[in-house]
Amino acid sequence: MHISNRDSAASLDAAHQVHPHTNLRAHLALGPTMFVRGSGIHVYDDEGKEYIEGAAALWCASLGFGSERLAEVARKAITEIGYYHNFRGSGTPAAGVLSAKLAAIAPEGMDKVLLQSSGTEANDTAIKLVWYYWHARGEPQRRKIISRRQAYHGTGTLTSCLTAKDNFHQGFGLPFEGFLYVTQPYHYRLAEPGESEEAFSTRLAEEIEALILKEGPETVAAFWAEPVMGSGGVITPPAGYFQKVQAVLDRYGILFVADEVICGFGRTGEMWGSQTYGIRPDLICSAKALSAAVIPISAVIIADRVFEAMLEQSDRFGSFTHGYTYSGHPVACAVASEVLTIYEEMDLVGHVKAIEPTFLQGFAELEDHPLVGASGGVGLIGAVEIVADKASKALHDPRLNVMPRLDAATRGHGLITRLIGNRIALSPPQIITEAETREMFARLRHALDDVAAEL
Ligand SMILES: Cc1ncc(COP(=O)(O)O)c(C=O)c1O
């Protein structure tokens, strides 16, 4: 096919590319907003407009946009070998070194790393590892997996079932049997009047225990959770939640899988969200900031007791029969390894802790805004909840299109955020400075003021 200079990329895209999470018919007519370059926390569209990427794109561009240093590492890796696999005992230095670096920063008792290429792959593999574990332990009937309503863990066939949002199931004939859902730990909306965070957490842990007992503990394999629920609305856990949930799971020997695809690498103010909230995971799924999102790669980090079971299975069957062509891709591994070096040099966790007070102050200062019902976060992730009435927490009439108007207004002021229902999420690149953080909140306030004035 000959593509002439007169064919704009946008019209070619509208004509030929099927876009994820997009209204397909509208896209045929409207085409994409094209982003053509980035630098630091900023991206630029094809008309040259500058935006602060307040969502780090999809919660992932931890080091911001555009990097000569990472480009050079990728160039060298492609020049040296370009590709080799890690099947049947083969390997590349890049994959070995990255695995060791990840094991070194993983929570204690988690020493093995299984490399994959996306967050969905990491979660899908973790489901298989959970089942593999229970087969090794002689309890193959443990198949059921519990996740929380509104959770997002990917869109593969099995991970769509972990993802507990109706719109991810409809039209696909999902979920499969054996995926169970419990209440989202969303204190602002789901607590009873006057219920404290601790009391709410107790009630939610009791709900999980009641479900386990109803299903039969001998049939329940694992509980799945993000430390901070990202695409479910940036829901930080209420006080005591994970301690109480973990105690229930421990009582019945149920595995805890922490989906750290968003929360890993300093996002919540510690290296792992599990550390921020005192979770003891059996498996960690990590992706996104693992490579600062410049190249696809993900990892499942495996606790020693799970690896012991995998060893037994490999003895029994002759090999661990799972893996993808691109598992441990040497170019992706070389880049991710360099990203981990950069994190060490910049003291990633120290930097997030240093910026966190300014970030949280930005949310606190929005609390008095007439459109804002609640506002807050942890580390460098947070959200504001948009309401029509602060006291009753009532939402705006959908016909007013308040959220699309806020999206247009924030973009108009040069800020990209992530809209989730009636919440506006921020999770800027972890390299953001204090001055940039203040500028990000100033742009958000301008947008809120504009829409409030129109209403
Ligand atoms: C918590 C979480 N898990 C899994 C995924 C899926 O990752 P991917 O889109 O790389 O497949 C995402 C994506 O946003 C995520 O936020």
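Residues numbered from 1 in each chain as written. Predicted model: local features only at pLDDT ≥ 70, side-chain atom pairs only at ≥ 80, totals over all residues. Heavy atoms only, no water.

The protein chain is annotated in an unreviewed UniProt entry as Aminotransferase class III-fold pyridoxal phosphate-dependent enzyme of Jiella sonneratiae. The heading Sequence similarities (unreviewed entry) in the UniProt record of the protein chain holds the text "Belongs to the class-III pyridoxal-phosphate-dependent aminotransferase family." According to the UniProt record, the Cofactor (unreviewed entry) comment for the protein chain is "pyridoxal 5'-phosphate". (UniProt positions renumbered as here; feature names shortened; annotations may be inferred.)

## Points about unusual backbone geometry
Cis geometry is found at the peptide bond from Leu174 to Pro175, where omega equals 5°. Position of Pro175 relative to the elements: it lies in the loop between α7 (159-162) and β6 (179-182). The backbone of Phe265 shows a phi angle near 65°, a positive value even though the residue is not glycine. Despite not being glycine, Lys393 has its phi angle at roughly 65°, a positive value. Within the fold, Lys393 resides in the loop between β12 (381-386) and α15 (402-412). (Helix = DSSP H or I, 4+ residues; strand = E, 2+ residues; numbered from the N terminus.)

## What to know about the domain arrangement of the protein chain
Quite often, the size of an interface is put as the accessible area lost when its parts meet. Taken domain by domain, the protein chain consists of domain 1 (33-66 + 348-454) and domain 2 (70-346). The straight-line distance from the C-alpha centre of domain 1 to that of domain 2 is 27 Å. Between domain 1 and domain 2, the residue contacts involve 34 residues of the former and 30 residues of the latter. Taken together, the two surfaces of domain 1 and domain 2 that pack against each other cover about 2600 Å², and 60% of this comes from carbon and sulfur. Three residues, Trp59, Leu63 and Leu348, lead the burial of domain 1 against domain 2; their summed loss comes to 26% of the area buried on that side. Our count for the contact surface shared by domain 1 and domain 2 stands at 2 salt bridges. Between Glu385 and Arg189 there is a salt bridge, with the nearest N and O atoms lying 2.7 Å from each other. Applying the counting rule to domain 1 against domain 2 returns 16 residue pairs in polar contact (both at pLDDT 80 or more). Of all the secondary-structure elements, those providing two or more residues to the side of domain 1 that touches domain 2 are α3 (56-59), α14 (348-366), β11 (372-378), β12, β14 (418-420) and β15 (423-426). Looking at the side of domain 1 that touches domain 2 element by element, the count peaks at 5 residues for α14. (Domains from an automatic or database assignment. Contact = heavy atoms within 4.5 Å. Buried area = accessible area lost by both parts, 1.4 Å probe. Salt bridge = Lys/Arg side-chain N within 4 Å of Asp/Glu carboxyl O. Polar contact = N/O pair within 3.5 Å; in protein donor to acceptor, adjacent residues only side chain to side chain.)

## Focus: the pairing of strand β8 (residues 255-259)
By the criterion of burial, β8 is predominantly enclosed, with 5 of the 5 residues buried. Alternating positions in β8 separate into two faces, Leu255, Val257 and Asp259 on one and Phe256 and Ala258 on the other, with burial throughout. For strand β7 (residues 220-225) and β8, the ladder comprises 4 bridges, and the chain directions are parallel. In the sheet register, Ala225 faces β8, and the bridge partner there is Ala258. For the crossover from β7 across helix α10 (residues 241-251) to β8, the handedness is right-handed. The pairing of β8 with strand β9 (residues 283-286) spans 3 bridges and is classified as parallel. (Buried < 20%, exposed > 50% of the residue type's maximum accessible area, 1.4 Å probe, protein only. Pairing = 2+ DSSP bridges. Right-handed = clockwise from strand over helix to strand, strands pointing away.)

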